[in-house]
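In case you want the letters, here they are:
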Amino acid sequence: MKIRIYIIAHKEFFVPKDIPKIYVPLQVGAATNKKIGYVRDDSGEHISEKNNIYNELTGQYWAWKNSKEDIIGYCHYRRYFVNVYGKVKNFFGGKNGDFLGEKEIKKILKENQMIVHNATYFPETVFQQYERTQGKIPLMIAKKVIIQYYPEYEKAFEHVLKSHKIHLLNMFITYKEIANQYAEWIFGLLEKTEEILRKEYPEFPVERSMGMLAERMLDVWIIQNKISIKECFSINTERIDRRPW
């Protein structure tokens, strides 16, 4: 069973020396940037040129359309899934290591369908936090799209918006079949949302809008499809305070 975890990156970065071989750098936004020697998201069928709007999701789109792994995952050039020992060493000693490896991933996925980043908890609701930081327009458009095209998701959508926790960062590991199912839904939703946003709100700053919206939509899809998840720790290799974002 072939497994690959793509390290999403828009620039050159230091690849941790002890990271397992299943982790492979993937350059996103490659269509508008110079080559840096990584796998690129502008080959085959892609939306690489939309990286400023979709962020790491241009890498997920590329993998959906072009990769052939049995198990697939996504982390960031500075954010990685680790086991509990890696989190403890990172927190207390500032050391990086104990990245989630092939055996651990396969073991977890025998009992769960998806590995996700630990939930983030807000004192406010998910809707209030998004409105405060991003403005509510993309989220309100997404709601209209869901009601029109994906009505079976409306209840899960409302549940997530009223919640105080969310799985952020667009990081997960799962079977390719499940990843493809999610990709088909999320990119259909985002494409329709972006089209309305550009047409009805031409002054709205679209940069990063779809990537940020997708962070709130993963839980909607998980809940609606009754996906069993396992939360795992992550580390940020660039932060002194060791917070994951």
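On a predicted model such as this, the values are computed, not experimentally measured, just so you know.

*Asks:* Can you walk me through the overall build of the protein chain in this structure?
*Replies:* The secondary structure content of the protein chain amounts to 9 helices and 10 strands. The C-alpha radius of gyration computed for the protein chain amounts to 17 Å, which stays within 12% of the reference 18 Å derived for 245 residues, consistent with globular compactness. For the protein chain, the spread of C-alpha atoms along the three principal axes comes to 50 × 40 × 35 Å. Accessible surface computed for the protein chain: about 12200 Å², of which carbon and sulfur atoms make up 51%. Of the charged side chains in the protein chain, 38 are positive and 31 negative, and the gap between their average positions amounts to 5 Å.

*Asks:* Help me understand the environment of Tyr-77, please; the structure alone is not making it clear to me.
*Replies:* Along the polypeptide, Tyr-77 turns up in the loop between β4 (71–76) and β5 (79–82). With a relative accessible area of 12%, Tyr-77 lands in the buried category. Placed 160 residues apart in sequence, Tyr-77 and Thr-237 show a C-alpha to C-alpha distance of 8.5 Å.

*Asks:* What is the right way to read the packing of helix α8 (residues 176–200) against helix α9 (residues 209–224) from this model?
*Replies:* Packed helix pairs are specified by the crossing angle of their axes together with the interaxial distance, meaning the distance between the axes. In the contact formed by α8 and α9, the axes pass within 10 Å of each other and the chain directions differ by 135 degrees. Viewed along their axes, α8 and α9 adopt a mutual orientation that is oblique. Classified by chirality, the crossing of α9 by α8 is right-handed. The segment α8 lies against α9, with Ile-178, Gln-181, Tyr-182, Trp-185, Ile-186, Leu-189, Leu-190, Thr-193, Glu-194 and Leu-197 engaging Ser-209, Met-210, Leu-213, Ala-214, Met-217, Leu-218, Val-220 and Trp-221. The residue makeup of the contact of α8 with α9, split by class, is 14 nonpolar, 3 polar and 1 charged.

*Asks:* I keep staring at the pairing of β4 and nothing clicks. Help me out?
*Replies:* In summary, the side chains of a regular strand alternate between the two faces of the sheet. Burial within β4 is extensive, with 6 of its 6 residues counted as buried. Here β4 shows no split at all, with Ile-71, Gly-73 and Cys-75 on one side and Ile-72, Tyr-74 and His-76 on the other all buried. Relative to β4, strand β1 (residues 3–9) runs parallel, the two sharing 6 bridges. Within β4, the position partnered with Arg-4 by the bridge is Ile-72. Summarising the sheet, β4 and strand β9 (residues 172–175) pair through 4 bridges and their orientation is antiparallel. Across the sheet, the residue bridging to Ile-71 is Tyr-175, located in β9.

*Asks:* What exactly am I supposed to notice about helix α4 (residues 102–111) here?
*Replies:* Because an α-helix packs 3.6 residues into every turn, residues spaced three or four apart end up facing the same way. Of all the residues in α4, the buried ones are Ile-105, Ile-108 and Leu-109. Angularly, the buried residues of α4 cover 95 degrees about the axis, an arc narrow enough to put them on a single face. The outward face of α4, more than 90 degrees from its buried face, is lined by the exposed residues Lys-103, Lys-107, Lys-110 and Glu-111. Packing partners of the buried residues in α4 comprise β1, β4, β6 (114–117), β9 and β10 (229–236).

*Asks:* Can you help me understand the pattern of salt bridges in this one?
*Replies:* Oppositely charged side chains are able to pair whenever their charged atoms sit close together. All chains considered together, the criterion is met by 10 salt bridges. In this structure, Lys-50 and Glu-194 form a salt bridge, with 3.2 Å as the shortest nitrogen-oxygen distance. In this pair, Lys-50 sits in the loop between β3 (39–40) and α1 (51–54) while Glu-194 sits in helix α8, placing the two residues 144 residues apart along the sequence. For Glu-194, a relative accessible area of 5% translates into the label buried. Two residues, Glu-158 and Lys-143, come together in a salt bridge whose shortest N-O distance is 3.0 Å. Of the two residues, Glu-158 is situated in helix α7 (residues 154–162) and Lys-143 in helix α6 (residues 137–149); the sequence distance between them amounts to 15 residues. For Lys-143, a relative accessible area of 26% gives the class partly exposed. Through salt bridges with shared partners, one network takes in Lys-50, Glu-194 and Arg-198.

What counts, and at which threshold
- Residues numbered from 1 in each chain as written.
- Predicted model: local features only at pLDDT ≥ 70, side-chain atom pairs only at ≥ 80, totals over all residues.
- Heavy atoms only, no water.
- Helix = DSSP H or I, 4+ residues; strand = E, 2+ residues; numbered from the N terminus.
- Rg over C-alpha atoms; globule rule 2.2 N^0.38 Å.
- Areas by Shrake-Rupley, 256 points an atom, 1.4 Å probe, with all protein chains shown as cover.
- Lys, Arg positive; Asp, Glu negative; His and termini not counted.
- Charge placed at Lys NZ, Arg CZ, Asp CG, Glu CD.
- Buried < 20%, exposed > 50% of the residue type's maximum accessible area, 1.4 Å probe, protein only.
- Axes fitted to C-alpha atoms, helices over the stretch in contact; angles between N-to-C directions.
- Parallel < 35°, antiparallel > 145°, perpendicular 65-115°, else oblique.
- Left-handed = near helix turned anticlockwise from the far one by under 90°.
- Contact = heavy atoms within 4.5 Å.
- Nonpolar A, V, L, I, M, F, W, Y, C, P; charged D, E, K, R; others polar.
- Pairing = 2+ DSSP bridges.
- Arc of directions from axis to C-beta.
- Salt bridge = Lys/Arg side-chain N within 4 Å of Asp/Glu carboxyl O.

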